[in-house]
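Coordinate inspection notes
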Amino acid sequence: MSKAESKAGTLVPVQLWERLRKTVLALLLPVTLVWLWQLAGTDGAIAGGALPTPDRVWAAWMKWAFGTSTFGLNPYIGTWTQSLWFSAGRVVYGFAIAIAVGVPIGMIIGWSKLASAMIDPTIQWLRPVPITAWLPISIAIFGIRDFGAVFLITIGAFYPIVINTTQGTRDVDKNWIRAALMMGAGQRDVLTRVVLPAALPSIFTGLRIGLGIAWTAVIVSEMVAVKSGLGYVLWDAYYVGRMDIVIADMVSIGLMGFMSDLLIVSIEIWALRWRRLQSFDA
Amino acid sequence: MISFSKVSKVYGGAQGVRALDHVDFNVAEGEFVALLGPSGCGKSTLLNLVAGFEKLSEGTMLFDGQAVSRPGPDRGVVFQEASLLPWLTVWDNVVFGPKVQGLMRNEYEPRAHEILKIVGLEAFHKALPVQLSGGMRQRVGIARALVMQPKALLMDEPFGALDAQTRLSMQQLLLEVWQRLKTTVLFVTHDIDEAILLADRVCVMTARPGRITKEIPIDLRRPRSIDDLTNSEFTHFKAQIMAEMRGAHDQH
Ligand SMILES: Nc1ncnc2c1ncn2[C@@H]1O[C@H](COP(=O)(O)OP(=O)(O)OP(=O)(O)O)[C@@H](O)[C@H]1O
Ligand SMILES: [Mg+2]
């Protein structure tokens, strides 16, 4: 145990070096792209003013993030964090509902042939309907309000979660279930203590895909159906010709998506640490 | 303890595979019985019927005087690949049964400790299954079955996936454990040596249709050990069983 722990727990210099190398390699492409973008512009603009150069975007972003409005109400000074939290909050809310609904339904479909025959076809028929097509219904039901966005996020994230959970449940080693039954486990214990942990790797795959879709859904719905958040700012800034804010907004969305995926992956690594341990020879 | 009368098992409906055909078979309380036969003759099927993993198609089968309807802790099963729950530690695998049965901690913990000691794994109670060798994993498999104090132990080629040396030490361990606990054991194998070494009685099975063709009592003195593998009495039993199996084979 101690050998395996030291392997996973501490970073020896070789691993540190490897990490640094990876980070540098990962940054190479985006830095080059930004540099070329900067070179392509003159007087801080590209294509006769259609797009601002990176330095302008950066300046606008910093003002948007940290500036304080001295007089009047400028929507692009010091409001970044607020917009970010609006969007992130909706994602968390909708994603949590999608998990709470998708995981149990996926397990039921994967576990019971009857449930699969009754529920699965409906899910497969509804699944091809893109989240954008749900917008009118969402607005009709919830109006231009918060829950419209949450609704779309839930729908978008639900499908990959439910499908991967179903698959994970179906793939559980039959002998693990038999072993649990042999030890006196009832159906509920089998589901919670065997099927759920065994399906967890698949469930996490579903969560990662679902979270990506959740970010798409929140931006789309904020662009159309809600009057706050990064998606709303994106569309609004475009209307008033603030392309620097549009680009800063896009980068922010990418960053948030990336960070939230990182969070899920860290939870996954922790929850599935039993899969990563090396064996030691007795 | 276990009694089969005219038991048949057909897989996949009426047109399916007849894995067992009118099997009559008994295991007495405290007896160690080995089921020996070629691959596909229905050994696992027979064991799975007792375990409650499969339902029989015809005939009657009783375990401890009752018809079997589902798996339960009175029949401890040891699987070929151990089939431990990989996200649980050795300890949590062993106490899984008592826990889901709702037993009190002070009731099962001393027993679990003792059994881990018997199988020689008390130092590894915090290890995860992936961190163990195949033999150690199988010892956990045996421990988690024993901790439930089953009326019978059902073992389906438990040492089939192990290398020859580990296999010998596991056979030795099982002999010691059994000599101590005297549980009823139904042991499936296709290794003749293993069957003779361990069992009070060897039941030879043939395939298509799956039947028990011969029952050979092994009256080697107990306690036995792996040293018995080379004595003359042992070789005598081996010759007898090999002749029986060859004969059964020639009939096809
Ligand atoms: N679930 C199943 N569905 C259909 N046929 C099955 C099933 N399980 C076993 N069989 C068939 O029943 C017969 C007996 O199988 P069984 O697994 O009992 O044999 P076995 O003696 O344990 O073989 P082995 O030594 O290879 O484990 C085989 O012909 C097998 O193909
Ligand atoms: Mg078998």
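A quick note: this is a predicted structure, and the numbers were derived from the prediction, not measured.

A few words on the overall build of chain B. Check the secondary structure of chain B and you find 7 helices and 10 strands. In terms of overall size, chain B behaves like a compact globule, its C-alpha atoms giving a radius of gyration of 18 Å where 252 residues would be expected to give roughly 18 Å. Expressed as lengths along the three principal axes of its C-alpha atoms, the size of chain B is roughly 55 × 45 × 30 Å. Looking at chain B residue by residue over its 252 residues, the buried ones come to 53%. Within chain B, contacts between residues separated by at least 24 positions form 68% of all contacts whose residues are at least 6 apart in sequence. Split by element, the accessible area of chain B, about 10900 Å² in all, is 50% carbon and sulfur.

Moving on, we come to the sheet that holds strand 9 (residues 201-206) of chain B. All names here are of chain B. Here 6 strands make up an open sheet; going across it, the order is 6-7-8-3-9-10 and the pairing mixed. Strands at the two margins of the open sheet, each flanked by one partner only, are strand 6 (75-78) and strand 10 (211-217). Each strand axis lies, on average, 20° off the axis of its neighbour in the sheet, ignoring direction. Pairing geometry for strand 6 and strand 7 (residues 152-156), over 4 bridges, is parallel.

Here we take up the pattern of salt bridges. Opposite charge on two side chains makes pairing possible when the charged atoms of those side chains draw close. Residues and elements named next belong to chain B. All chains considered together, the criterion is met by 23 salt bridges over all chains. Where Asp64 meets Lys151, a salt bridge forms, and the shortest distance between an N and an O atom there is 2.9 Å. Taken as a pair, Asp64 in the loop between strand 4 (58-63) and strand 5 (66-67) and Lys151 in the loop between helix 4 (134-146) and strand 7 lie far apart in primary sequence, 87 residues in all. Classification of Lys151 by relative accessible area gives partly exposed; the value is 40%. Residue Glu114 pairs with Arg180 through a salt bridge whose shortest N-O separation is 3.6 Å. Taken as a pair, Glu114 in helix 3 (residues 105-118) and Arg180 in helix 5 (residues 164-181) lie far apart in primary sequence, 66 residues in all.

For the rest of this paragraph, the subject is the nonpolar core. Phe4(B), Phe25(B), Leu46(B) and Leu186(B) are the most contacted members of the largest nonpolar core, which has 156 residues in total. Top element by residues in this core is helix 9 (residues 187-224) of chain A. It accounts for 15 residues. When neighbours within four sequence positions are excluded, Phe25(B) is seen to be in contact with Ile2(B), Ser3(B), Phe4(B), Val33(B), Leu35(B), Leu46(B), Leu186(B), Cys203(B), Ile212(B) and Glu215(B).

Attention now moves to the interface of chain B and chain A. Counting from both sides, the interface comprises 30 residues of chain B and, opposite them, 23 residues of chain A. Each partner contributes to the roughly 2400 Å² buried at the junction of chain B and chain A, and carbon and sulfur atoms together form 71% of this total. For the chain B face of the interface with chain A, the top three residues by lost area are Trp87(B), Phe96(B) and Gln131(B), together amounting to 30%. Linking chain B with chain A are 1 salt bridge, by the criterion used here.

Here we come to the side chain of Asp189(A). Tracing the sequence through the fold places Asp189(A) in helix 9. You can call Asp189(A) buried: its relative accessible area is 18%. With residues near it in sequence (within four places) discarded, Asp189(A) still touches Val194(A) and Val100(B).

Applying the stated rule across the entire model yields 17 aromatic pairs over all chains. Aromatic pair Tyr238(A) and Tyr239(A): ring centres 6.0 Å apart, planes at 50°, arrangement tilted. Residue Tyr239(A) is classed as exposed on the basis of its relative accessible area of 61%. Where Phe32(B) meets Trp178(B), the ring centres are 5.6 Å apart and the plane angle is 80°; that geometry is what we call edge-to-face. Linking Phe32(B) in strand 3 (residues 32-36) with Trp178(B) in helix 5, this pair joins segments that are 146 residues apart in sequence. Residue class for Phe32(B) comes out buried when judged on its relative accessible area of 1%. With a relative accessible area of 5%, Trp178(B) lands in the buried category. Taken together through their ring pairs, the aromatic side chains of Tyr93(A), Trp134(A), Phe142(A), Phe147(A) and Phe151(A) make up a single cluster.

All names here are of chain B. In the region of ligand 1, 13 residues are neighbours, and Ser39, Gly40, Lys43, Ser44 and Thr45 sit closest. A distance of 2.7 Å separates an oxygen atom of ligand 1 from a polar atom in the backbone of Gly40. Here an oxygen atom of ligand 1 and a side-chain polar atom of Lys43 are 2.8 Å apart. With the chains in place, 63% of the 630 Å² that ligand 1 exposes on its own is no longer accessible. At the level of secondary structure, the elements contributing two or more residues to the shell around ligand 1 comprise strand 2 (17-27) and helix 1 (43-51). In terms of residue count, helix 1 provides more of the shell around ligand 1 than any other element does, 3 residues in total.

With that out of the way, let us pick up the sheet that holds strand 2 of chain B. Residue and element names in this part refer to chain B. The 4 strands are arranged 2-1-4-5 in an open sheet whose pairing can be described as antiparallel. Looking at the sheet topology across the chains shown, the edges are occupied by strand 2 and strand 5. Where helix 1 meets the sheet, its contacts fall on strand 1 (2-11), strand 2 and strand 4, and the angle it forms with strand 1 comes to roughly 115°.

A few words now on the side chain of Arg90(A). Among the secondary structure elements, Arg90(A) is positioned in helix 4 (residues 80-111). If we skip the residues at most four places from it in the chain, Arg90(A) touches Asp146(A), Ala149(A), Val150(A), Ile153(A), Val218(A), Glu222(A), Val226(A), Ser228(A) and Gly229(A).

What follows is about the domain arrangement of chain A. For chain A, the domain assignment lists domain 1 (2-40) and domain 2 (80-274). Spacing between the C-alpha centres of domain 1 of chain A and domain 2 of chain A amounts to 29 Å.

What follows covers unusual backbone geometry. Peptide bonds are trans in most cases, and residues, glycine excluded, mostly fall at negative phi. All names here are of chain B. In this structure, the amide linkage connecting Arg222 to the following residue, Pro223, adopts the cis form with an omega of -5°. With respect to the element layout, Pro223 can be found in the loop between strand 10 and helix 7 (232-250). In the Ramachandran plot, Ser83 falls in the positive-phi region, its phi being about 50° despite a non-glycine side chain. Counting through the fold element by element, Ser83 comes out in the loop between strand 6 and helix 2 (90-100). Positive phi, close to 45°, is recorded for Glu157, a residue that is not glycine. Looking at the element boundaries, Glu157 is found in the loop between strand 7 and helix 5.

Cut-offs and rules
- Residues numbered from 1 in each chain as written.
- Chains lettered and ligands numbered in written order.
- Predicted model: local features only at pLDDT ≥ 70, side-chain atom pairs only at ≥ 80, totals over all residues.
- Heavy atoms only, no water.
- Helix = DSSP H or I, 4+ residues; strand = E, 2+ residues; numbered from the N terminus.
- Rg over C-alpha atoms; globule rule 2.2 N^0.38 Å.
- Buried < 20%, exposed > 50% of the residue type's maximum accessible area, 1.4 Å probe, protein only.
- Contact = heavy atoms within 4.5 Å.
- Areas by Shrake-Rupley, 256 points an atom, 1.4 Å probe, with all protein chains shown as cover.
- Pairing = 2+ DSSP bridges.
- Axes fitted to C-alpha atoms, helices over the stretch in contact; angles between N-to-C directions.
- Salt bridge = Lys/Arg side-chain N within 4 Å of Asp/Glu carboxyl O.
- Core = buried A, V, L, I, M, F, W, Y, C linked by side-chain atoms within 4.5 Å.
- Buried area = accessible area lost by both parts, 1.4 Å probe.
- Phe/Tyr/Trp six-rings, centres within 6.5 Å; stacked < 30°, edge-to-face > 60°.
- Near = heavy atom within 4 Å.
- Polar contact = N/O pair within 3.5 Å; in protein donor to acceptor, adjacent residues only side chain to side chain.
- Domains from an automatic or database assignment.

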